[in-house]
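Understanding the architecture of this molecule
One letter stands for each residue in the lines below.
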Amino acid sequence: MPLRIRERKPQDTPAILDCMRELQDWERNIDARLAAPDDVLERLWEEMIEDCDVFRGTVFVADLDGAVVGYIGVLTHVAQEGTAEVDYVYAQITDLAVRGQYRSQGIGSALLAHAKTHARGAGVRWLRINVRAGNPAAVAMYRRCGFDDREIVLEHDLAAG
Ligand SMILES: CC(C)(COP(=O)(O)OP(=O)(O)OC[C@H]1O[C@@H](n2cnc3c(N)ncnc32)[C@H](O)[C@@H]1OP(=O)(O)O)[C@@H](O)C(=O)NCCC(=O)NCCS
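The model shown is predicted, which means the values in this text are computed figures rather than measured ones. (Residues numbered from 1 in each chain as written. Predicted model: local features only at pLDDT ≥ 70, side-chain atom pairs only at ≥ 80, totals over all residues.)

1. Overview of the site of the ligand
Here is the rule we go by: We call a residue near a molecule or strand when the C-beta position, derived from backbone atoms, sits within 6 Å of it. For the purposes of this entry, the term helix denotes a DSSP run of H or I that reaches at least four residues, the term strand denotes a run of E that reaches at least two, and both are numbered from the N terminus. Residue classes follow a fixed rule: Ala, Val, Leu, Ile, Met, Phe, Trp, Tyr, Cys and Pro count as nonpolar, while Asp, Glu, Lys and Arg count as charged, and any other residue, Gly among them, counts as polar.
Taken together, 18 residues form the shell around the ligand, and within it R103, S104, G106, G108 and S109 come nearest. Of all the secondary structure elements, the ones that give two or more residues to the shell around the ligand are helix 1 (13-30), strand 4 (88-98), helix 3 (107-121) and helix 4 (136-144). Ranked by the residues each element gives to the shell around the ligand, the list is headed by helix 4, at four residues. For the shell around the ligand, the residue count by class is eleven nonpolar, six polar and one charged.

Here it is in structure tokens:
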């Protein structure tokens, strides 16, 4: 079946929201502090569209024979500003998900490769993605696709002693 990675169209929104729901559910299994999809999905989507406006972002979908089975959001102009670092601009992948039954067929890697090409084409050098430590499959895929660790956020559950 032909797979096409393309920019989202307005009529893709319901299918993207289905993918987003799976992403939120997936991450919620890793971190119980994440909100239930029904409580946040519409707001997350609105925020993504706003971020695309502000940070020159695009949402691409994986179109398999006319069905949207995955998506990726990539912002290409995020400013790194702060006293400790020199100022520069980086790209940020905000979301990446492939619907459950379509995983392990190379679709996630294809979305990621497309986002990399897109970011490079935008003239930016650095491409970032945040991932939960409890998501080793995603971490392994990112490493295979050329990503290296940049920052590790540690957290202590003080209730656990
Ligand atoms: C992470 C995620 C996007 C990866 O998407 P995917 O389509 O399964 O990714 P790929 O198929 O490209 O790669 C995943 C696996 O398939 C294998 N694979 C790649 N191309 C393949 C192909 N043509 N045929 C069979 N397997 C293939 C890869 O080796 C990889 O192996 P693994 O199971 O050891 O990891 C997907 O699993 C997902 O949506 N997960 C839930 C949400 C999530 O974690 N998102 C990331 C948040 S940061």
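2. Things to note about helix 2 (residues 37-54)
For the record, the criterion: Helices are assigned an expected span. That span is 1.5 Å times one less than the residue count.
Here helix 2 spans 24 Å end to end across 18 residues, near enough to the 26 Å set by a 1.5 Å rise per residue. Phi for R56, located one or two positions after helix 2, is positive at around 50°.

3. Comments concerning the pairing of strand 3 (residues 67-80)
Applicable threshold: Our exposure labels follow a C-beta count within 10 Å of each residue's own C-beta, placed from the backbone: buried means 20 or more other C-beta atoms, exposed means 12 or fewer, and partly exposed covers the counts in between. A pair of strands is labelled paired if DSSP reports no fewer than 2 bridges between them.
For strand 3, a buried count of ten out of 14 residues is recorded, marking the element as mostly surrounded by other parts of the structure. By the bridge criterion, eight bridges tie strand 2 (residues 57-64) to strand 3 in an arrangement that is antiparallel. Within the sheet, the bridge partner assigned to V61 lies in strand 3 and is Y71. The turn joining strand 2 and strand 3, which pair antiparallel and follow one another in sequence, is formed by two residues; a positive phi near 55° is taken by D65. Summarising the sheet, strand 3 and strand 4 pair through nine bridges and their orientation is antiparallel. Looking at the pairing, A79 lines up with V89 of strand 4.

4. Focus: the packing of helix 1 against helix 2
Applied cut-off: Axis lines are fitted to C-alpha atoms, over the contacting stretch for helices. Their N-to-C directions set the angle, which ranges from 0 to 180 degrees. What sets the label is the angle itself: under 35 degrees gives roughly parallel, over 145 gives roughly antiparallel, 65 to 115 gives roughly perpendicular, and the rest give oblique. The sense of a crossing depends on the near helix, which, turned anticlockwise from the far helix by less than a right angle, makes the crossing left-handed and, turned clockwise, makes it right-handed. The contact rule is simple: place each C-beta atom from the backbone, and if two of them lie within 7 Å, those residues are in contact.
Contact pair helix 1 / helix 2: the axes reach a minimum separation of 10 Å and the direction vectors enclose 125°. Considering the angle they form, helix 1 stands oblique to helix 2. Here helix 1 runs over helix 2; the crossing is right-handed. Where helix 1 abuts helix 2, its residues L17, M20, R21, Q24 and D25 lie against P37, L41, L44 and W45.

5. Examining the nonpolar core
Heads up, the condition is: Residues of type Ala, Val, Leu, Ile, Met, Phe, Trp, Tyr and Cys that are buried and joined through C-beta atoms within 7 Å form what is called a nonpolar core.
Counting 28 residues, the largest nonpolar core has A62, Y71, I72, L111 and A115 as its most contacted members. Breaking this core down by element, the ones donating at least two residues are helix 1, strand 2, strand 3, strand 4, helix 3 and strand 5 (126-129). Ranked by the residues each element gives to this core, the list is headed by strand 3, at seven residues. Leaving out residues up to four positions away in the same chain, Y71 has contacts with I16, C19, V59, F60, V61, A62, D95 and A97.

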